[in-house]
Amino acid sequence: MSGAKGGYGAYFCNRNILQEIRRRISVDFTNYLCYDQVVEYLNQLSDENSCELIVLGRSEEGREILGARIGSSDAKAAVIESGIHAREWIAPITALYIISQISKDPEMVDNVQWIIIPILNPDGYHYSWLDIKNILLFAANRSFSSLVVIYFTSSREFSCTDHCNEDYRGEEAWSEPESRSIKYLIRQLGPSCALYLSLHNFLQSIMYPWGYSKQPPEDAIDLIHLATEAQTAIRNKYGTRYRIGQSSYIDRLTPGCSIDWAKAEGKIKYCYSIELPGPTYRFEVPPNHIVKIASECYEAIKVFRQSMSYGKI
């Protein structure tokens, strides 16, 4: 298709696919899924009682922001969000893989409830599938006023104010429905939420706050210790080496990132951004890498679950 980049061309959702999307789909994680396919797959899992489907909100264009709850609502909560940056296709499919694995493993819900949001930015993700030149690498949402990269902060003075910049912060704090949906969820969970993970790519890292400052958090040692256990589990799978470090050092200053807000305002001690591979392909990870990347990430998720079940978190 014209405008398709790298190995993605054959995987765009065209109109024929979208018209037939309601048929039952089989997901083997050898291909990417468009928004409608993700919704259908989540509905299938819900129908099979593998998870409880929750609607966190709606996007500017009316798409549902869906989450999958697995486990008892009375247990400690772990939140995983992905797909906030539309071009990072490997993150939502990894979140779906995690949902599929947790739903089949009773040990993973021992004293833990998982709330996993595969596509936090459904409008942007849908837009990234359109067969338009350069659209694949689109990052923002589809706010009617402008294209906005979604921020989580009430302190906006360090964020970008240029409407034409891909890091534009929005017109005001909490202007976007995507960030509001997470804010309401975390506030509803309250002290029961013990872990917050944000999936991205392509820095191949486990990053902890702060993104807005070079100053480390007071409990950085605790964050590093748990991240090191997760890093080891990932490496033991296929030998892939993830870096560990503070977000503002591994990436750059990122005021308004979700893990900063979850830690500072949500009062969640253990917050991480897991940057999936890979540096070679950047945002255009070939589909034949999905299972390897997702299964490695799941090894880290099992480490976090063990810490929660045993009361370490």
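Residues numbered from 1 in each chain as written. Predicted model: local features only at pLDDT ≥ 70, side-chain atom pairs only at ≥ 80, totals over all residues. Heavy atoms only, no water.

Further remarks concern the packing of helix α3 (residues 90–102) against helix α9 (residues 290–309). Contact pair α3 / α9: the axes reach a minimum separation of 9 Å and the direction vectors enclose 60°. In terms of their interaxial angle, α3 and α9 are classed as oblique. Crossing hand, α3 versus α9: right-handed. Residue-level contacts link I90, I93, T94, Y97, I98, Q101 and I102 of α3 to I290, I293, A294, S295, C297, Y298 and I301 of α9. Its residues placed into classes, the contact of α3 with α9 shows eleven nonpolar, three polar and no charged. (Axes fitted to C-alpha atoms, helices over the stretch in contact; angles between N-to-C directions. Helix = DSSP H or I, 4+ residues; strand = E, 2+ residues; numbered from the N terminus. Parallel < 35°, antiparallel > 145°, perpendicular 65-115°, else oblique. Left-handed = near helix turned anticlockwise from the far one by under 90°. Contact = heavy atoms within 4.5 Å. Nonpolar A, V, L, I, M, F, W, Y, C, P; charged D, E, K, R; others polar.)

Right, let's talk about the environment of E178 for a bit. Within the secondary structure, E178 is located in helix α5 (residues 177–189). What makes E178 buried here is its relative accessible area of 0%. Residues E178 and I84, spaced 94 residues apart in sequence, show a C-alpha to C-alpha distance of 8.1 Å. (Buried < 20%, exposed > 50% of the residue type's maximum accessible area, 1.4 Å probe, protein only.)

Moving on: the packing of aromatic side chains. Enumeration according to the criterion identifies ten aromatic pairs in this entry. Look at W210 and Y212: their rings are 5.7 Å apart centre to centre, the planes differ by 55°, and that puts the pair in the tilted class. A connected cluster of aromatic rings, assembled from ring pairs, spans F29, Y41, Y97 and Y298. Here K214 stacks its cationic end above the ring of Y249, 4.3 Å away from the centre of that ring. It is K269 that lies over the ring of Y270; its NZ or CZ is 5.4 Å from the centre. (Phe/Tyr/Trp six-rings, centres within 6.5 Å; stacked < 30°, edge-to-face > 60°. Lys NZ or Arg CZ within 6 Å of the ring centre and 35° of its normal.)

A few words now on the nonpolar core. In this structure, L96, I98, I102, W114, Y272, I301 and F304 are the most contacted members of the largest nonpolar core, which totals 65 residues. If near-sequence neighbours (up to four positions away) are discounted, F304 is found in contact with L195, L197, L226, A230, Y272, I274 and I313. By size, the runner-up hydrophobic cluster in this structure holds 21 residues, among which are I65, A77, I115 and L120. (Core = buried A, V, L, I, M, F, W, Y, C linked by side-chain atoms within 4.5 Å.)

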